[in-house]
Amino acid sequence: MSVNKVVINASPLIVLFKSQQAFLLPLLFPEILVPEAVWEEVTGSNQSDKAAQQLPQATWAKRVTTVTVNPQIAAWDLGAGESEVLSLALEHPGYYALVDDRAARRCGRTFGIPTLGTGATLILAKQQGLITSVTEAIQAVRDAGLWLSDDLVQLLKQQAGE
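To keep things clear, this report deals only with the structure shown in the data block. (Residues numbered from 1 in each chain as written. Predicted model: local features only at pLDDT ≥ 70, side-chain atom pairs only at ≥ 80, totals over all residues. Heavy atoms only, no water.)

Overview of the environment of D49
In step 1: Within the fold, D49 resides in the loop between α3 (36-43) and α4 (50-54).
In step 2: Taking relative accessible area as the criterion, D49 reaches 15% and is therefore assigned buried.
In step 3: A C-alpha to C-alpha distance of 9.3 Å links D49 and F17, two positions 32 residues apart in sequence.
In step 4: Only 3.3 Å separates the side chain of D49 from the side chain of K18, close enough to count as a polar contact. (Helix = DSSP H or I, 4+ residues; strand = E, 2+ residues; numbered from the N terminus. Buried < 20%, exposed > 50% of the residue type's maximum accessible area, 1.4 Å probe, protein only. Polar contact = N/O pair within 3.5 Å; in protein donor to acceptor, adjacent residues only side chain to side chain.)

Laid out in structure tokens, this is it:
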């Protein structure tokens, strides 16, 4: 799978920064859009938080300050960040929505928006030789606060050949 452009939500940003794996994002995706609601969610939190401190310094993150939420996406009653991520991806064909929230992924599928989550991002990193172990990377994002079921973890490991 070749993914070059993503619109990223807060959860993947936060857990990748906290697990010290955010460096993978610009290596995997040449274009990374961060909608304003996501930017505010990440940076407006506790200022001692790694993600809050590091996102403003991330030269690879392109902040998008004006996002019009598509009314059909708004009807799904997702969070502000998810709604902006999906609306931007819908508005810009060729962009994937990088979201972990199950409802947001369902919404994306409904509108034909390609989605991927943090787990798939780690698989891509392994496929491209950026990490040696998906198992270790998954454990790091779990330790950083991302909830992944044991069944999903096993599926991700299988997909990564581990």
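Here the narrative resumes.
Looking at the pairing of strand β1 (residues 5-8)
In step 1: Taken together, the 3 bridges between β1 and strand β2 (residues 31-35) define a ladder with parallel strand orientation. Bridge pairing links V6 to I32 in β2.
In step 2: By the bridge criterion, 4 bridges tie β1 to strand β4 (residues 95-98) in an arrangement that is parallel. Note that in β4 the partner of V6 across the bridge is Y96. (Pairing = 2+ DSSP bridges.)

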